[in-house]
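# Topology and contacts: notes
Each chain, written out:
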Amino acid sequence: MKKTLLLLLLSLSASVWAQHTVSGTIVDEHTGETLIGATVWDTVSRKGAATNQHGRYTLTLKGDHAVLRVSFVGYETQYHPLQLTGSQRLDVKLHGSLTLQEVVVTGERVQHVESSQPSMVEIPVEQVRNVPVLFGETDVIKVVQLMPGVQNGSEGTSGMYVRGGGPDENLFLLDGVPMYNVNHMGGFFSAFNSDAVKNINLYKGSFPARFGSRLSSVLDITTNNGNDKEYHGGVTIGLISAKLNVEGPIIKERTTFSLSARRTYGDLLLQPVIAAVVADIGGNQKVNAGYYFYDVNAKVTHKFNERSRLYASYYMGDDALYARLRTRSYNTGSESWKLGYYWGNIVGSLRWNYELTPKLFMNLTGAYTRYRNDLGLTIEENAIDGLDFAYTSNFNSGIQDATGRLDFDYAPTPDHNGKFGLGYVFHHFTPETSSVRLDAGNESMDTVIGQSNLMANEVMAYVEDDWRISDLVKVNLGLNFTGFAVQDKFYPSLQPRVSGRLLFTDRLSAKVGYAYMTQYLHLLSNSSISLPTDLWVPVTANILPMQSQQVAAGLFYNFRDSLNLSVEGYYKYMDNLLEYKDGASFWGSSAGWESKVCMGRGWAYGIEFLAQKNIGKLTGWIGYTWSHTDRLFDYPGQELNEKEVFPAKYDRRHDISIVLTYKFSERFDLSATWVYCTGNAVTLGLQDFDPDFYTPTGDYYSTTASYITTRNNYRMPSYHRMDISFNWHKKLHYGTRTLNLSVYNAYNRQNPYMLYTSYNYTTDERALTQISLFPIIPSISYTYKF
Amino acid sequence: MNTQLFSHSRRVLLLTLAASLAMAACTKEIEFEGEITDPLVVLTSHSEADSILSVRLTYSRFFLRTDSIRSINNATFTTELNGSLTNTAFQSTGWGVYRSNLTLRCGDTLTLHANVPGYGEVSAGCRIPQRPVVSDIHREIIPPDTSGDDGYYYYWYETSISFRLHDPVGENYYMLRTIWKDSITGEQREYYFTVNDDLLFPESSTEDLFGDLTSNGSDGREYLFTDEMIEGQDHTIKISIDHDTNELKDLTLEVCSISRDTYLYHTTLQAQQNTSGIGTFSEPVRIHCNVTGGIGLLDAIAVTPIPYSSSSTPTPAPRKR
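Here the structure is a predicted model, which is why all the values come from computation and not from measurement.

Calculation notes
- Residues numbered from 1 in each chain as written.
- Chains lettered and ligands numbered in written order.
- Predicted model: local features only at pLDDT ≥ 70, side-chain atom pairs only at ≥ 80, totals over all residues.
- Heavy atoms only, no water.
- Helix = DSSP H or I, 4+ residues; strand = E, 2+ residues; numbered from the N terminus.
- Buried < 20%, exposed > 50% of the residue type's maximum accessible area, 1.4 Å probe, protein only.
- Areas by Shrake-Rupley, 256 points an atom, 1.4 Å probe, with all protein chains shown as cover.
- Pairing = 2+ DSSP bridges.
- Axes fitted to C-alpha atoms, helices over the stretch in contact; angles between N-to-C directions.
- Disulfide = S-S within 2.5 Å.
- Salt bridge = Lys/Arg side-chain N within 4 Å of Asp/Glu carboxyl O.
- Core = buried A, V, L, I, M, F, W, Y, C linked by side-chain atoms within 4.5 Å.
- Contact = heavy atoms within 4.5 Å.
- Patch = residues over 30% accessible without salt bridge, like charges linked within 9 Å, V, L, I, M, F, W, Y side chains within 5 Å.
- Lys, Arg positive; Asp, Glu negative; His and termini not counted.
- Charge placed at Lys NZ, Arg CZ, Asp CG, Glu CD.
- pLDDT = per-residue confidence, 0-100.
- Phe/Tyr/Trp six-rings, centres within 6.5 Å; stacked < 30°, edge-to-face > 60°.
- Expected span 1.5 Å × (residues − 1).

### Comments concerning the overall build of chain A
- Each helix and strand counted, chain A has 5 helices and 49 strands in total.
- A total of 786 residues make up chain A; the buried ones form 58% of that total.
- Carbon and sulfur atoms make up 61% of the accessible area of chain A, which totals about 31000 Å².

### So, the sheet that holds strand 9 (residues 120-123) of chain A
All names here are of chain A.
- Overall, mixed pairing links the 5 strands, which are arranged 9-16-17-12-13 in an open sheet. Edge strands, defined here as strands with exactly one partner in the open sheet, are strand 9 and strand 13 (177-179). Taking the axes of each pair of neighbouring strands and ignoring which way they run, one obtains an average angle of 25° across the sheet.
- Here strand 16 (residues 197-203) runs beside strand 17 (residues 217-223); their pairing, made up of 6 bridges, is antiparallel. Residue pairing for strand 17: Leu202 is matched across the bridge by Leu219.

### Some thoughts on the state of the cysteines
- The full count for this structure, using the stated rule, is 0 disulfides over all chains.
- Take Cys598(A): it sits in no disulfide, and the sulfur closest to it among the cysteines is that of Cys289(B), at 19 Å.
- For Cys598(A), a relative accessible area of 1% puts it in the buried group.
- There is no disulfide at Cys26(B), and the cysteine sulfur nearest it, in Cys677(A), is 18 Å away.
- By relative accessible area, which is 27% here, Cys26(B) ends up partly exposed.

### Details of unusual backbone geometry
- The phi dihedral of Gln487(A) falls on the positive side, at around 50°, and the residue is not glycine.
- Residue class for Gln487(A) comes out partly exposed when judged on its relative accessible area of 41%.
- At Asp50(B), a residue that is not glycine, the phi angle is positive and equals roughly 65°.
- By the secondary structure assignment, Asp50(B) is in the loop between strand 2 (41-48) and strand 3 (52-59).

### A few points about the pattern of salt bridges
All names here are of chain A.
- Under the counting rule described, the total for this entry stands at 42 salt bridges over all chains.
- Across the salt bridge formed by Lys419 and Asp409, the nearest N and O atoms sit 3.2 Å from each other. Taken together, the positions of Lys419 in strand 26 (residues 416-440) and Asp409 in strand 25 (residues 386-410) put the pair 10 residues apart, joining distant regions of the chain. Take Lys419 and Asp409: they sit in the same class, and that class is buried.
- If you follow the salt bridges from partner to partner, you end up with Arg56, Arg89, Asp91 and Glu355 in one network.

### Remarks on the nonpolar core
- Within the largest apolar cluster, 79 residues are counted, with the highest numbers of intra-cluster contacts made by Ile123(A), Val144(A), Phe192(A) and Ile200(A).
- Residues within four places of Val144(A) in sequence aside, it is in contact with Ile123(A), Val150(A), Met160(A), Ile200(A), Leu202(A) and Leu219(A).
- Judged by nonpolar contacts, the second largest core, of 27 residues, contains Phe77(B), Tyr98(B), Leu102(B) and Ile128(B).

### Regarding a positive patch on the surface
Residues and elements named next belong to chain A.
- Together, Lys286, Arg324, Arg326, Arg328 and Lys338 line one region of the surface with positive charge.
- With 3 residues, strand 22 (residues 308-329) is the largest single contributor of residues to the positive patch.
- You can see Arg328 is positioned in strand 22.
- Residue Arg328 is classed as exposed on the basis of its relative accessible area, which comes to 51%.

### Comments concerning the pairing of strand 49 (residues 777-785) of chain A
- Summarising the sheet, strand 18 (residues 232-237) of chain A and strand 49 of chain A pair through 4 bridges and their orientation is antiparallel. Paired with Val235(A) across the bridge in strand 49 of chain A is Tyr784(A).

### Observations regarding the pairing of strand 47 (residues 754-760) of chain A
Residue and element names in this part refer to chain A.
- Looking at chain direction, strand 47 and strand 48 (residues 765-772) are connected through 7 bridges and run antiparallel. Bridge pairing in strand 48 places Asn760 opposite Glu765.
- Linking strand 47 back to strand 48 in an antiparallel pair, the connection comprises 4 residues, with Asp764 at a positive phi of about 55°.

### Here's the deal with the confidence of the model for chain A
Residue and element names in this part refer to chain A.
- Residue-level pLDDT values for chain A average 84, and 89% of them are 70 or greater.
- When mean pLDDT is compared element by element in chain A, strand 31 (residues 508-519) scores highest at 95, while helix 1 (residues 2-17) scores lowest at 45.
- Note that residues 4-17 has pLDDT below 50 and, in this model, 0 contacts with residues that lie over four places away or in other chains.
- Segment residues 99-108: pLDDT under 50, and 23 contacts once partners within four positions in sequence are set aside and those in other chains are kept.

### Details of the packing of aromatic side chains
All names here are of chain A.
- On inspection of all chains with the given rule, the structure shows 36 aromatic pairs over all chains.
- Aromatic side chains Tyr571 and Tyr605 sit 6.3 Å apart centroid to centroid with 15° between the ring planes, which places their arrangement in the stacked category. Taken as a pair, Tyr571 in strand 35 (residues 563-580) and Tyr605 in strand 36 (residues 597-613) lie far apart in primary sequence, 34 residues in all.
- Look at Tyr571 and you get partly exposed, because its relative accessible area is 38%.
- According to the relative accessible area criterion, Tyr605 is partly exposed, its value standing at 29%.
- On the basis of an interplanar angle of 90° and a centroid distance of 4.6 Å, the ring pair of Tyr759 and Tyr761 is categorised as edge-to-face.
- The partly exposed category is assigned to Tyr759, whose relative accessible area is 34%.

### Topic: the confidence of the model for chain B
All names here are of chain B.
- Of the residues in chain B, 77% have a pLDDT of 70 or more, and the chain-wide mean is 80.
- The low-confidence segment residues 1-5, where pLDDT is below 50, has 8 contacts with residues more than four positions distant or belonging to other chains.
- With a pTM of 0.82, the predicted complex shows an ipTM of 0.83.

### Re helix 5 (residues 266-281) of chain A
- Taking 1.5 Å of rise per residue, 16 residues should cover 22 Å, and helix 5 of chain A covers 23 Å from first to last C-alpha, within 8% of that figure.
- All of the buried residues in helix 5 of chain A are Asp267(A), Gln271(A), Ile274(A) and Val278(A).

### What about the environment of Glu380(A)?
All names here are of chain A.
- You can see Glu380 is positioned in strand 24 (residues 360-383).
- Among the residues examined, Glu380 registers a relative accessible area of 31% and is labelled partly exposed.
- For Glu380 and Lys204, which are 176 residues apart along the polypeptide, the C-alpha to C-alpha distance reads 52 Å.
- Beyond its immediate chain neighbours, meaning those up to four positions away, Glu380 contacts Ser334, Glu335, Ser336, Phe389 and Ala390.

### Some points on the environment of Phe188(A)
- Position of Phe188(A) relative to the elements: it lies in the loop between strand 14 (183-184) and strand 15 (189-190).
- Residues Phe188(A) and Arg652(A) lie 464 residues apart in sequence; the distance between their C-alpha atoms is 21 Å.

Set out below in structure tokens:
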């Protein structure tokens, strides 16, 4: 036995000694921007690796020589012959090219067919910028919603429903830091400025162990580091907003910055109109009112040396709805009335990358994120001789997180690519606080009511290994542990994650995955209308963490080096889901919220088809989803719908998205999207009846009641829409200008937003009536890039 | 008061936003594309211990139709009392109402089958609960304070009654209501009153702008509650009522044991009424029924009456300055 063990150790040692590690960073030759997901493939040993979120790769190889093929979509492939002697560093600068399709595809195929990760889609940022959207404002979330398996709520909302999950079950990561509210304008636009975005990965299932805390999806967004050689930027002016982005070196090839900002200016244009109306009415009044949103993305990257980098990222975005009224009188003094509603996020992070050894890479992150939702009302009356009356009310709600996280990438052998790490999050919830201050001469008051502070602590640790068992089989094994402490309760959760790939040919693979997820946060939100009423609350002693288990399996095929095809099926079981009770109204009040909701379970299953073409003159994708999502609330004391199964609100049988961009020349390109989906499920009482709601005393309540057979028993009309966008680029002396013409809802489809029963008193008839939001909306924008 | 004002301001702002959105949007009438369902038979019967059984049968109506609710006057019935068929006679009195000769007692289990020509059979069952046991009844009559008053409230007294409710072990449901019965004409109706009980009726439950399901008795005429918070215990309940001195002798507080079905029917019906119209921003409410083959409720209650006046509590004279 001892001899056998010794022999095993010796052979393992010999195998380790014969290995050579090649590591480095892959960047764009012109901008110095790190490339995420670029592939490095040794054509000799047929081993490969992809760059991580920081553009870094590690490849451990056997033998004495290798030929590394380095490729990335939209870049010219490079080959690097190497004599393998110990650990080596190979940093690669790729040259961008859109014409060399053949070589570009190789990297693409490796990722699509070879990776062990099913249920993941990489969304091309260039495509995001081309997809036509409302008011010409490009929108990351709207494009993500065009992917199979992802549904939007209803028109005008940014709510995402992934594989039957709810809108609060998606983890939005901006440079690795969670963002809570990703909406602007009550959901019409998302908070992500596409100018600042470098990479978008969407995970719909089979989540790698490094991700956690949400049930249904992870949208991992990485922002630009900034050009490390020269200054570049752009300005866009559209119908409702303007954008600016600038990037460049602070210290050439060492320290870079990237800054993007945008703001809507409808409120500024509105002020003269309001002033004219007020002047027309007369009186000594001054009125300001309007709505705007803005966001700013800033990032500074410093390269200490090839092994060490520091990233500082900052995001700030707010929506503001305001009204101010001021009345002056020479006799009685003045009166002012101010109402402001502000909501938005701040996300800041500091990350330090360090290559401890060629095989071991570390990323240390400290982050802060805050979502707030504040309403303020101030009324002041000033008499000629001083202050008479002052009243101030504030409503505050929000969540703040302070996060510390340490992640490692470790590639000990050619066939293992491991990741492990741990993290801690301090949550500070402010579910709902109201304060009132009154100063009215003799009467004064200063009081605060509501639940102001609720603290929770969350810890997590994970380990995962991407293990290439053979050329045919590759698996990703992972384990995620999270623990959540709140109100003297501790909820631990151990979540296994497994995915695997079977490579039939270079072009065809089958993948399968399983993920167990736990979520400790709930979003109390009105799902039917777009209002800034989001309230984040943690699990409590009574409301248990949500859990899900999902299995997914699919076939992935690369057709003629130009088209990636996939078909994927999934089944997801969810437990401790929340639904509002019958009759509960959701006007943002968190008081007693536990009594307004029920806990139940649900399941979703479906099949997704995706055909995606990312290169050539014609790019885009066609996606189709067939799905089914049900809910059952039958736990004792938590019953809904008479303990019968009912379809989820966003259960949709069919969902089709077609996104196409055709580049006629360097000067002209045309994009079009067409979406179709089955109508949302709504609840209609199909029979009216006299409830005979009388008492034995003979008092009749004269009323008609509505009998609802089951929740969500009726389908709204189906939703479909076509958007078209045309870009005209022209090279100018110092840059390029782009004129964009977009048409949203090109054939003016009146899509359903809400249904109600109307009554015509003249004809004594009732009718089902539909509210629609957006008709055909043309828009124009002008962009200048230098 | 100011915090309430602020709270309402916030909700009104949100409502204004929603209304603006709706106004900016366009509306159009659309075809109903689902199945136009056939009318259902609605059976309602409010059975009370020591009273005769009466039943009402009507048809429901498709929600886009505007014709009147149709009564069913040609149904036949069979009844089972405590598991045995009874020879109960039912007589149609019009408007879909049938009166029987069957008197129900506490503890009786009733199953009712109604056969409607052209529709089929609907049936429902209920058990008449035991009367609630109450004790330690105390009455207090507070006369109106006329000092500095313009006399408008001169005749209005406030009477409060407290009593101890003995809740038996098990799941129990209750209703409180006040009945005014004219001693001369015999006319009777329900009367508004107030229950001051934070345990059974927490204040937060009526916080929503449009009300919600937990706002029991929000109309002040019927207060429904469960024994969830007082399971198997004695609990003292205090109610108060404003009344004219002349009405006191005609007022009776009724403490009722009700069935779970009755509780759910009434609370869901109230919740639906509260959330209709502008409350479309609330979750729709499915009304609980206990009728097989149709909809409606076979009700079951048992009443313990507590008169507001008693010989030991003479009406005091109004206080004067």
